Amino acid sequence: MIYTQVWDHMQGQVSDTMIQRDEDGAFIPFDEANADYVEYLWWLDDGNEPNPATPPAVTLPETVPVEDRVADLETRVDQLEGGQ
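Cut-offs and rules
- Residues numbered from 1 in each chain as written.
- Predicted model: local features only at pLDDT ≥ 70, side-chain atom pairs only at ≥ 80, totals over all residues.
- Heavy atoms only, no water.
- Buried < 20%, exposed > 50% of the residue type's maximum accessible area, 1.4 Å probe, protein only.
- Helix = DSSP H or I, 4+ residues; strand = E, 2+ residues; numbered from the N terminus.
- Arc of directions from axis to C-beta.
- Contact = heavy atoms within 4.5 Å.
- Polar contact = N/O pair within 3.5 Å; in protein donor to acceptor, adjacent residues only side chain to side chain.

K.L.:
An account of helix α1 (residues 35-45) is requested, with residue identities and associated values reported.
P.N.:
Owing to its 3.6 residues per turn, the α-helix aligns residues three or four sequence positions apart on the same side. Within the span of α1, buried status applies to Y37, Y40 and W43. Projection of α1 onto a plane perpendicular to its axis shows the buried side chains occupying an angular sector of 110 degrees, all on one side. Counted as exposed and oriented over 90 degrees from the buried face of α1: A35, W42 and D45. Structurally, α1 contributes buried residues whose contacts are with β1 (3-8), β2 (13-21) and β3 (27-29). The backbone nitrogen of D36 has a side-chain oxygen 2.7 Å away, supplied by the residue at the start of α1, namely N34.

Take a look at the structure:
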């Protein structure tokens, strides 16, 4: 059995509430009442380690220079004023 850490997109880090079982893609909550989680804990106790989570690639939005944005807004205002 192999497990992989889950990336928590909201927290921007590895999830501290679940693990994913690679065999079937099941997300297993960290709940000791859950038999799958207990099995995962035994797997860890046997010296195994989960595969690391893969964080999403960071893609920054393309930035538009402030001067270009101001010019665009001024053009729009001129168009709106001219249309009255």
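We are not done yet, so read on.
K.L.:
Can you explain the side chain of R21? Please cite residues and give values.
P.N.:
As for its position among the elements, R21 is in strand β2. Looking at R21, the relative accessible area reads 9%, which means it is buried. Residues in contact with R21, not counting those within four places in the same chain, are M1, I2, Y3, A26, I28 and D36.

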